[in-house]
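# Tertiary structure, described
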4 protein chains.
Amino acid sequence: MGNTIGQMFRVTTFGESHGAALGCIVDGCPAQILLNETDIQRELDRRRPGQSKVTTSRSEKDKVKILSGVFEGKTLGTPIALIVENADFKSEDYEALKDVFRPGHADFTWDMKYGFRDFRGGGRSSGRETIGRVMAGAVAKKILTPVKIEIYAYAIQIGSVCGKNIDLNFIEKNPVRSADPKAAAKMEEVIKNAATEGDSVGGIVEILIKNVPVGLGEPVFDKLNADLAKAIVSIPAVKGIEFGSGFGAAEKKGSEQNDPIMAKNGKFSFGKNDAGGILGGISTGQDIIMRVAVKAPSSIAKTQKTACKSGKAIELKISGRHDPCIIPRFIPVAESMVAIVLANHLLRKT
Amino acid sequence: MGNTIGQMFRVTTFGESHGAALGCIVDGCPAQILLNETDIQRELDRRRPGQSKVTTSRSEKDKVKILSGVFEGKTLGTPIALIVENADFKSEDYEALKDVFRPGHADFTWDMKYGFRDFRGGGRSSGRETIGRVMAGAVAKKILTPVKIEIYAYAIQIGSVCGKNIDLNFIEKNPVRSADPKAAAKMEEVIKNAATEGDSVGGIVEILIKNVPVGLGEPVFDKLNADLAKAIVSIPAVKGIEFGSGFGAAEKKGSEQNDPIMAKNGKFSFGKNDAGGILGGISTGQDIIMRVAVKAPSSIAKTQKTACKSGKAIELKISGRHDPCIIPRFIPVAESMVAIVLANHLLRKT
Amino acid sequence: MGNTIGQMFRVTTFGESHGAALGCIVDGCPAQILLNETDIQRELDRRRPGQSKVTTSRSEKDKVKILSGVFEGKTLGTPIALIVENADFKSEDYEALKDVFRPGHADFTWDMKYGFRDFRGGGRSSGRETIGRVMAGAVAKKILTPVKIEIYAYAIQIGSVCGKNIDLNFIEKNPVRSADPKAAAKMEEVIKNAATEGDSVGGIVEILIKNVPVGLGEPVFDKLNADLAKAIVSIPAVKGIEFGSGFGAAEKKGSEQNDPIMAKNGKFSFGKNDAGGILGGISTGQDIIMRVAVKAPSSIAKTQKTACKSGKAIELKISGRHDPCIIPRFIPVAESMVAIVLANHLLRKT
Amino acid sequence: MGNTIGQMFRVTTFGESHGAALGCIVDGCPAQILLNETDIQRELDRRRPGQSKVTTSRSEKDKVKILSGVFEGKTLGTPIALIVENADFKSEDYEALKDVFRPGHADFTWDMKYGFRDFRGGGRSSGRETIGRVMAGAVAKKILTPVKIEIYAYAIQIGSVCGKNIDLNFIEKNPVRSADPKAAAKMEEVIKNAATEGDSVGGIVEILIKNVPVGLGEPVFDKLNADLAKAIVSIPAVKGIEFGSGFGAAEKKGSEQNDPIMAKNGKFSFGKNDAGGILGGISTGQDIIMRVAVKAPSSIAKTQKTACKSGKAIELKISGRHDPCIIPRFIPVAESMVAIVLANHLLRKT
């Protein structure tokens, strides 16, 4: 259960890492929107492994195929089914891990919940599950574009290296997807060092959303921040999320936290943005700003102590080509989830 | 829209701060559970204003009334409707604020979204909206009790004063609801000082959930942490949430973040709990640990610059008796939202 | 579960026949719609018992109270909570029926499902459950009025007496709510005869919806006719529903069933209306026509054989003042359910 | 929107008649149920065109492909994605119908709703849309089998020829899927005669569900009969549905309609079954009996008057190989929808 998100822009994903295909259904996309496979492939390529020296060197093609919902290059208003067929994986590589509970992974909890799981490549708890999210996000972006909404996600911290300056044009120009031209090289080094040690590293991603119209979000349970929090925390590896002043708000007085409201020529603006663009669960029209804590990838070459399903204690070294830091590939997934939430709220706003 | 949360344990809330009544409907509560007004009143009293010197001195009775779903002291399996009728408020006090956008409040966004709002006491965006959450949470707790699940929320930070030692028995014995007997007095002082200055203060709440059975949560969008994040972020004043190692995970290596798994006599355990009790969106059986950033209350006596609906710039001093720190009263609300999410996932788990 | 209907115009009902109150929450009603208690009371009075000689002589006041969602006579865009408080019922009258499974009633199935029920007046399976539906329907009608949609329901058959001529102005002028001035008196007689015999009688209600805009309804599972079917069949006592040519379509050839489409001055029309105003689940712009089979009320004074919970066989005569035919009071409920479905589809249509 | 049905057993369908593929996602199927492509293909073959002389002579292979949710022959508890890839259709055949509103079809309403549609073979409003329903129904049946629930649907009337005797073993032995060995030949003749005239014919399908456990269904909006009504009326061509005594209930007295309840050795039974197996929206444990009115197929060779999108009046003869009566192929679709509803209610019953 729970493979669907959204009310008016509804996304359902499916697929196991090494199954026949992974994909998504988007229900609720309005008719007559221009959409083709290139639009979606572009986003898929951004999350693809093997893009750079700081991601896994595995090479997966991940070619999108539109099964329904699009005709003559335009959406029909019917469900859009998108799939990526899996090439032949060497599943035998995973045979050895069949009964092992890899630390930090979902092997243990899945076994306890279902009593049975597809152990090949993590099955449905694999990072490949996010393929469906990215494809749906590409469709969502088509709804945001006419409203001029822009979503930027970037590494603001890798290990203990923090970015300070934000140059949005720099993000796609460096393998870490940092927005800070100065910090990027250091962040890259941190990742490479972790890889060399057979280890991995975490970080923090900042998400900036520009040109959000005022009035998005529902005021009680479906607050815009609540829906964004759910969507982002549902991405594997997320350990926390904050909005605007975030955890820093703990030390602020009310007089410091409150953003003054100004009016000029019938237009309202704010003196600063500690709110992070949302008040009472509804967008203010300012930029929405969030930060997301992302843990280090769980698959590491270093020896770890763990247990097998049978109860036997073992020492585990995970071989294979794994990401030493997931953040560069997490970024397009986070953008996609944001796009899905915003498209849903745009369509809910009647 | 968006006034309902949950699939199998569904909570809908309603009510404006100064309307005739506030309340909730709980649909999906199984039949034959013992439930009476005392069970609910106990929780309501914990969120009630006027409990101590660190909360507002306003005195609201907030008496629960069960309208349906309970017969001869037991639930019927039908919707449980619970209300709190509003006593006569002095709504005229708010007449002056009718067209004012109070900084940090939802006045501006509501006006932009609906073009019309109940300005008395914040209307539906008032903290009184949480009355329905607390009453529903009291029902949810009745479902958790037989499973032995225990939920503890406590102030871990007020302003810059941090709690370190955790004594769960101390929480209800101090007005701040700190779990640290040493830090509590300092926290109380921070709040009083803010009040004296006509200001307010924020903090961080830690939530600890004990005896969660393994296997709660759905693995993709409805991950247990994702649903908890949404539920908690939907509470007014929340600026961030983190699980387990949280934002600290950014600086951790994979070898540090991963919790080793041990087996003994056919039972599995973990060497530590950086996961915060959830892996792959599913409970591990360890304690669930979250921390929540709560901003300082927006209503302060200090002069603030803001604008009216008409566009006029004004200087605003909010009079009346407001909470200088919402955390003591936020705590039962947070526990309630956690209870609602857990009851829902317990009932989804077939 | 299952006490909520609709996506964008969401109605949740609650309440047992002899509980403290019955009511509903309407979530999704747009802001700034004029609404007051009189609008709702008018519809409640149409379903009220004791209106005429062909309904029960019980007199229930059923006064609506608006608890939330309305301010200064206008909707706020927040949940509208509406209740009817129960006057003091003589519940002891029902004590005798506590363990009896009344034939045709839900006593048996509720006991098997929940193991426990409120036996007073049928509890939640009472006809009084429809109070919430009628109040929500009154709100829904406020959304339909600006679109000029008109809903008419009337008795087209009582026992074996059929109405043929349709005079919509006559419906509220006769106690049966027949639309046929000639048949009405005979229908009334059929009901009175059944009452005299200590028995009851069924019939058929026709529902006519005028001025439905083209394009309402979703084409697959949420077809307009599918949603109407669910909404109507969910009303107690309904045994069947048909649209347009209905069961008569069985004997029709395709060439007879298909409605020819004509065009004139850029406007399309249909040569006849065997479709009943819906094609492919979407409204055509023609009148929507449905017919609903309604069974005779189950509570009769005649002796019936049945069993008690304990397994004992008994002879049962149900005393008290029951409706000999529910159709006159079913009609406002049916209209309400239609209004709720149409309001929901109007708001879903973006 | 509206391409999903169910809460705990959730089915989403997608696909246009001549698009790349049609399919469904089943979310909520428990783990560890044996499932393979043969299970699904068997049901697909029953709805396949070209089975007999009374269905269209078009030959479509309709081969199922499992994309996800099944591993080593067992369900994983993850979404089951099932597709049928379309072979190369001669879509040019439809080019001529591009702007024509075929009477009885959804061409007109789709054009009015979306302003754009896939005209090839009816697009999403084609009967091929039911492929997803049948595949999901095959999965649902896997959940019903351990409970021993059996679903039988059969032609009880074709044109004016009615079946009287019910021999459930005969259904799959005759091309009409009649349950009456005597009426079957006459029904077949009625269909062939209609085909010869270039016309089509409707009928009535009866659905019998055996071994339904007592207690399925939710008592208010999600009554078992209400959910069945929605599911069945959502199938193309349905004009009506009735339960138990159905429209015949109109002429029955309460004393005739009520089914007496008997008890023997602690087990309850009913003297007859005018209720159709459901009381108060909850299954009684008796057989569930429904009848469904199905209109004649809209595509006929006879000349029809209609209009083009441009407003031009035309005379239309629909060529190609169309079903002269849809009932034989409707039957597996109806069974599938019933299975989906029952699986959902079985899983909702906690």
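Keep in mind the model is a prediction, meaning the values are calculated, not measured.

## Overview of the sheet that holds strand 4 (residues 64-68) of chain B
All names here are of chain B. Reading across the sheet, the five strands line up as 1-2-3-7-4 and stay open at both edges, with antiparallel pairing between neighbours. Of all strands in the sheet, those with a lone pairing partner are strand 1 (4-5) and strand 4, marking the two edges. Sheet topology note: the strand 2 (residues 10-14)/strand 3 (residues 21-27) ladder contains five bridges and is antiparallel. Paired with R10 across the two strands is D27, which belongs to strand 3.

## Thoughts on the interface of chain B and chain A
Each partner contributes residues to the interface: chain B has 100 residues there, and chain A has 100 residues. At the boundary of chain B with chain A, total buried surface from both sides reaches about 7,600 Å², with 64% on carbon and sulfur atoms. Considering only the surface of chain B that becomes buried against chain A, F221(B), K239(B) and F247(B) emerge as the three largest contributors, covering 12% of it. Our enumeration of links across chain B and chain A arrives at eight salt bridges. Tallied by class, the residues present in the side of chain B that touches chain A amount to 44 nonpolar, 31 polar and 25 charged. Across three bridges, strand 11 (residues 238-243) of chain A lies against strand 11 (residues 238-243) of chain B in antiparallel orientation. Bridge pairing in strand 11 of chain B places I241(A) opposite I241(B).

## Structural notes on helix 4 (residues 130-144) of chain B
Between its first and last C-alpha atoms helix 4 of chain B spans 20 Å; for 15 residues at 1.5 Å apiece the expected length is 21 Å, and the two agree. Among the 15 residues of helix 4 of chain B, 14 are classified as buried, and the element is accordingly described as predominantly covered.

## Quick notes on the packing of helix 1 (residues 37-47) of chain C against helix 4 (residues 130-144) of chain C
Residue and element names in this part refer to chain C. Following both chains from N to C, one finds helix 1 and helix 4 inclined at 135°, their axes separated by 9 Å at the closest point. The angle between the axes of helix 1 and helix 4 places the two elements in the oblique class. When you trace helix 1 past helix 4, the crossing you get is right-handed. Residue-level contacts link D39, I40, E43, L44, R46 and R47 of helix 1 to T130, I131, V134, M135, A138, K141 and K142 of helix 4. For the contact of helix 1 with helix 4, the per-class residue count stands at six nonpolar, one polar and six charged.

## Things to note about the interface of chain D and chain C
If you look at the interface, chain D gives 100 residues, while chain C gives 100 residues. A combined buried area of about 7,600 Å² lies between chain D and chain C, and 64% of that area is made up of carbon and sulfur atoms. Looking only at chain D, the three residues that lose the most surface to chain C are F221(D), K239(D) and F247(D), adding up to 12% of its buried area. Where chain D touches chain C, the interface holds eight salt bridges.

## Quick look at the relation of the copies chain B and chain A
Note on the identical chains: chain B maps onto chain A by a rotation of 180° and an axial translation of 0.0 Å, with an RMSD of 0.0 Å. The symmetry that links the two subunits is that of a two-fold axis. Taking C-alpha positions as reference, the residue of chain B nearest the rotation axis is K230(B), located at 2.4 Å. Taken together, the interface assignments show that 100% of the residues at the interface of chain B recur at the interface of chain A, consistent with an identical surface on both copies.

## A look at the confidence of the model for chain A
Averaged over every residue, the pLDDT of chain A is 95; residues scoring 70 or more account for 97%. If you check the scores for this complex, the pTM reads 0.97 and the ipTM reads 0.97.

Analysis parameters
- Residues numbered from 1 in each chain as written.
- Chains lettered and ligands numbered in written order.
- Predicted model: local features only at pLDDT ≥ 70, side-chain atom pairs only at ≥ 80, totals over all residues.
- Heavy atoms only, no water.
- Pairing = 2+ DSSP bridges.
- Helix = DSSP H or I, 4+ residues; strand = E, 2+ residues; numbered from the N terminus.
- Contact = heavy atoms within 4.5 Å.
- Buried area = accessible area lost by both parts, 1.4 Å probe.
- Salt bridge = Lys/Arg side-chain N within 4 Å of Asp/Glu carboxyl O.
- Nonpolar A, V, L, I, M, F, W, Y, C, P; charged D, E, K, R; others polar.
- Expected span 1.5 Å × (residues − 1).
- Buried < 20%, exposed > 50% of the residue type's maximum accessible area, 1.4 Å probe, protein only.
- Axes fitted to C-alpha atoms, helices over the stretch in contact; angles between N-to-C directions.
- Parallel < 35°, antiparallel > 145°, perpendicular 65-115°, else oblique.
- Left-handed = near helix turned anticlockwise from the far one by under 90°.
- Least-squares fit on C-alpha atoms with pLDDT ≥ 70 in both.
- pLDDT = per-residue confidence, 0-100.

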